[in-house]
Amino acid sequence: MGDLWNDLRYTFRVLGKTPGFVAIAVVALALGIGANSTVFSWVNATLLNPIPGLSHTSQVVAVTRNRSGSLSYPDFKDLRDRTKSFSGMTAFSLGPMSLTGIEKPERVWGMLVSANYFPVLGVKPVLGRGFLPSEDSATNGAPVAVISYRLWQRRFGGNRAILGQTIHLDTHPFTIVGVAPPVFQGSTSGLRAEIWIPVTMALELGGEESFLTARGTEWLQVLGRLRPSVGREQAQAELTTIYKQLAHQYPDSHRGENRVSLYPLWRAPNGANAFFSQLLPILMALAGGVLLLACANLANLLLARGVARQREMAIRLSLGSGRGPLMRQVLMESLILSLAGGVLALPVTLWAAGQFMNFAPVTNLPVWISVKVDGRVVLATLLISVLTTVLFGMLPALRAGAIQPASVLKEEGASVAGGGRKARLSRGLAVTQIALSLVLLVSAGLFIRSFRATKQFDPGFDARGVLLESYDLLPNGYSPSDGIAFDRQVLENARALYGVREASLADFVPLGFSSNNISFTPEGYVAGPHEAVVAGYAHVSPGYFSTMRIPIVLGRDFTAVDSADSALVVIVNQALADRYWQGQDVVGKRMKVEGSWRTIVGVVRTTDYSELNEPPEPFLYLPLFQSFSSGVVLHVRTSGDPRAAAGTVMQVIHRLNADLPVFDVATLEDRIGAGTFTLHMAGAFVGAFGALALVLAAVGLYGVIAYGARQRTHEIGIRLALGARPADVGKMVLGQGARLALVGVGIGLVASIGAARLVRSLLFGVGAMDPVTFVVVTALLIAVALLACYVPARRAMRVNPIDALRHE
């Protein structure tokens, strides 16, 4: 213990003699460790702990129909009751609700859940209870609610007498029976729920009767808890067998593949996991590249520093010091630097982890991911710090242990870094840095170009200059006829505003996270066996297509006379027309939608509905004034900045009903950014990683060339004395750096091709082998490398031969 303490004191004394070196080392390591710790904090919040508050999450799996689809309530009950592989299965659906009965009305997001929801997830309310089995049996028979801890504190002041109080959801009374724990925010990762209601109350909250009875109405997400002795593949096979039996028993409502897929929570297809399960591992790998760069840089500095200390170490060995203590001291120096870098990385991680929600998309969904620097992240930071000790401290330690005292003491000035095996090691590390830098820069370039491509891509409509404001009439007691009258008045008043070019209503915003499908029957079309005839759909008002700048290819737009008293009509997109009536005149054809035959009066251009550059998908539009939808989005195209009109447009709605909540106020450009936020996030952070890599590579190459030139000062003096021109000396030094840069670029190009293929699925609008990215990034790296070499070359050109010949 005494020897260790003495080594520690000696190490601090040695490091204290080179404060500049220590500062550079600690900052470089802090940035490398901080990058990794930051990404790990995101992985911890999204993939390792996708649903905070669950117990034994490894046993919980997502249950989906046909890889990612929801289940109907009758199918869920059959699967739940017949399975032997699960100790429990629970169903849920997230949706908006209007909360009244307490102060100001508020729009909140709640979940309709099966009665066994909390027991299956292993979540215990901090106050009161969950739901009883009997509350899952009768339709509209259980008007009870469990509220979130956040809502309890925010709206009820944490009053423990909350149990038994009545709140109103969509004008219907519910009794509060429990409060969820603070960490629990629902079972859809990345989305925060405030209230949980028994699924049998769906009809009271705007649902249709088919929600609880029809097998073709698939609207529930399902989680299941596996029995301890059952594997995921075994359970999946059992559920698929049961589901195929249901499909055989009810063929009309089970079209398509009819199989069940199970996913671990971190890879569940619904929620934030679907976006981060691919992106974050790639960011983690790229952050690891930054750390390797920092380690290579520090290893080179330590090797150069070790050369200067060789005489000291040789003398210690000659005086009887063992090689083990010598290696231990070098490793201890590395460990101290690493731990100091880890400590400095923690505030970097705290700041960067807090930036995560700044990348959250503007959407109508309650997006929330709590990224915390908890004990797991601190432990990861410590482990990464120790790992860096091994990565950059082992080579100098092995070099120190391999010193031969006799040969070192015979060398003049211990000046050996300029040639031989030791110089090759330093140059090899410099080449590694350049190669890694190129990989990171190419990745950054691809993501940045992808993000720029999304801004220039034509989704089939014009998002510029459009303001969106949402309201929902159902929770406020409007009948369909009253709601249609209200919507007509809103449009009339909005269109009369100064600066408003066009205005319309729709219950759908493209390229968001939410979409709806509907089954229909095309006139004259014979569906194949198990073929699902479905399309996306939206209710829109007259003027919607002109507001969105969606061209009408054939026929006409909806008009004010398309009402409940007129003939039922529908407009379809080109993709739907081509699929079911290819080569035919579609206008005038009929299709059965929502149980009634409708006449097609128009065909519009196919646009992107769910994601950019998606394959053409069938889509149909229903007239809002004929087929009422209570929750709508007011689309207003303005002549100026749409944000400036937000208050004025809101007044139009509030003049008609001052108590009607208006929510999700945003521009259409911001809303459609929901589909590209992962590229935005990747571009920002990989770009930062690339910039840091470029700096580290430049510093590393500069250090190698500058140190090599310094060690060759005597040789340079001889060359100059024998008649060499300073320009020749500069070319010699610059050529050495250029050769290292070219070798590093060559290796980096090969590695970049492999890395680009790994991120191919995340790119948009550019290929993995995008020539512009590769050429520009390669030219940039070579230019920076030559600039880093120019400084020591310039210094070598100014060497005084007389002073150089005296140099040892």
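Just so you know, these numbers come straight off a predicted model, no measurement behind them.

In this section: the overall build of the protein chain. For the protein chain, the count of helices and strands is 23 helices and 22 strands. A buried classification covers 53% of the 808 residues belonging to the protein chain. Counted over contacts in the protein chain with a minimum sequence separation of 6, partners at least 24 positions apart contribute 82%. For the protein chain, the accessible area works out to roughly 34300 Å², and carbon and sulfur atoms hold 58% of it.

Of all residues except glycine, most have a negative phi; of all peptide bonds, most are trans. Of note in this structure, T171 is not a glycine but carries a positive phi near 75 degrees. Structurally, the position occupied by T171 is in the loop between β7 (166-169) and β8 (172-179). The exposure class assigned to T171 is partly exposed, which follows from its relative accessible area of 43%. Located in the positive-phi region is R549, a residue other than glycine, with phi close to 60 degrees.

This paragraph deals with the nonpolar core. If you look at the biggest cluster of nonpolar residues, it comprises 104 residues, and the most contacted ones within it are W42, F276, Y621, L668 and M681. Tallying contributions element by element places helix α19 (residues 677-711) first for this core, with 14 residues.

With 11 of its 15 residues buried, strand β3 (residues 86-100) lies for the most part within the structure. In this sheet, strand β10 (residues 218-226) lies alongside β3 in antiparallel orientation, the contact comprising six bridges. Bridge pairing in β10 links A91 to V222. In terms of strand pairing, β3 meets strand β4 (residues 106-113) through eight bridges, oriented antiparallel. Within β4, the position partnered with S98 by the bridge is R107. The pairing of β3 with β7 spans two bridges and is classified as antiparallel. Across the sheet, the residue bridging to T100 is H168, located in β7.

Here we take up the confidence of the model for the protein chain. This prediction gives the protein chain a mean pLDDT of 84; 87% of its residues lie at or above 70. Within the model, pLDDT remains below 50 along residues 412-420, and this stretch shows 18 contacts once partners closer than five positions in the same chain are excluded.

Let us look at the pattern of salt bridges. On inspection of all chains with the given rule, the structure shows 20 salt bridges. Here R155 makes a salt bridge to E106, at a shortest N to O gap of 2.2 Å. Remark: E106 occurs in strand β4 and R155 occurs in helix α5 (residues 149-156); sequence separation between them is 49 residues. Both residues of the pair, R155 and E106, count as buried. A salt bridge links D458 to R605, with the nearest nitrogen and oxygen atoms 3.0 Å apart. Taken together, the residues D458 in the loop between α13 (420-456) and β12 (466-472) and R605 in the loop between β19 (596-604) and β20 (619-623) connect sequence positions 147 residues apart.

Now for the pairing of strand β11 (residues 260-264). Of all the five residues making up β11, five are buried; the element is thus mostly covered by neighbouring parts of the structure. Side chains of β11 alternate between two faces, with V260, L262 and P264 and S261 and Y263 buried alike. Across five bridges, the pairing between strand β1 (residues 60-65) and β11 is antiparallel. The residue bridging A62 from the neighbouring strand is Y263, located in β11.

Scanning the model with the defined rule gives 22 aromatic pairs in all. Measuring from ring centre to ring centre gives 4.5 Å for W42 and F685, while their planes differ by 80 degrees; the resulting arrangement is edge-to-face. Taken as a pair, W42 in helix α2 (residues 19-48) and F685 in helix α19 lie far apart in primary sequence, 643 residues in all. Take W42 and F685: they sit in the same class, and that class is buried. An aromatic cluster of at least three residues, connected via ring pairs, comprises F92, Y117, F118, F131, F184 and W196. Positioned above the aromatic ring of F663 is the side chain of R107, whose terminal nitrogen or guanidinium carbon lies 3.5 Å from the ring centre. Above the ring of W266, the side-chain terminus of R267 is found at 5.9 Å from the ring centroid.

On to the environment of G256. If you trace the backbone, G256 turns up in the loop between α7 (232-249) and β11. Owing to a relative accessible area of 34%, G256 belongs among the partly exposed residues under this scheme.

With that settled, the discussion passes to a nonpolar patch on the surface. Residues L335, L339, L379, L382, L383 and V386 make up a contiguous nonpolar surface patch of roughly 480 Å² in combined accessible area. Taken together, the elements giving at least two residues each to the nonpolar patch come down to α10 (323-353) and α11 (375-401). With four residues, α11 is the single largest residue contributor to the nonpolar patch. Counting through the fold element by element, L335 comes out in helix α10.

In this fold, G765 is placed in the loop between α21 (726-758) and α22 (771-797). Through-space distance from the C-alpha of G765 to that of R452 is 8.8 Å; in sequence the pair is 313 residues apart.

This paragraph deals with helix α3 (residues 73-82). For α3, the full list of buried residues reads Y73, P74, D75, F76, D78 and L79. At its buried positions, α3 is contacted by β2 (71-72), β3, α6 (210-213), β10 and α7. Between the side-chain oxygen at the start of α3 and the backbone nitrogen of D75 there is a gap of 3.2 Å, and the oxygen is on S72.

Cut-offs and rules
- Residues numbered from 1 in each chain as written.
- Predicted model: local features only at pLDDT ≥ 70, side-chain atom pairs only at ≥ 80, totals over all residues.
- Heavy atoms only, no water.
- Helix = DSSP H or I, 4+ residues; strand = E, 2+ residues; numbered from the N terminus.
- Buried < 20%, exposed > 50% of the residue type's maximum accessible area, 1.4 Å probe, protein only.
- Contact = heavy atoms within 4.5 Å.
- Areas by Shrake-Rupley, 256 points an atom, 1.4 Å probe, with all protein chains shown as cover.
- Core = buried A, V, L, I, M, F, W, Y, C linked by side-chain atoms within 4.5 Å.
- Pairing = 2+ DSSP bridges.
- pLDDT = per-residue confidence, 0-100.
- Salt bridge = Lys/Arg side-chain N within 4 Å of Asp/Glu carboxyl O.
- Phe/Tyr/Trp six-rings, centres within 6.5 Å; stacked < 30°, edge-to-face > 60°.
- Lys NZ or Arg CZ within 6 Å of the ring centre and 35° of its normal.
- Patch = residues over 30% accessible without salt bridge, like charges linked within 9 Å, V, L, I, M, F, W, Y side chains within 5 Å.
- Polar contact = N/O pair within 3.5 Å; in protein donor to acceptor, adjacent residues only side chain to side chain.

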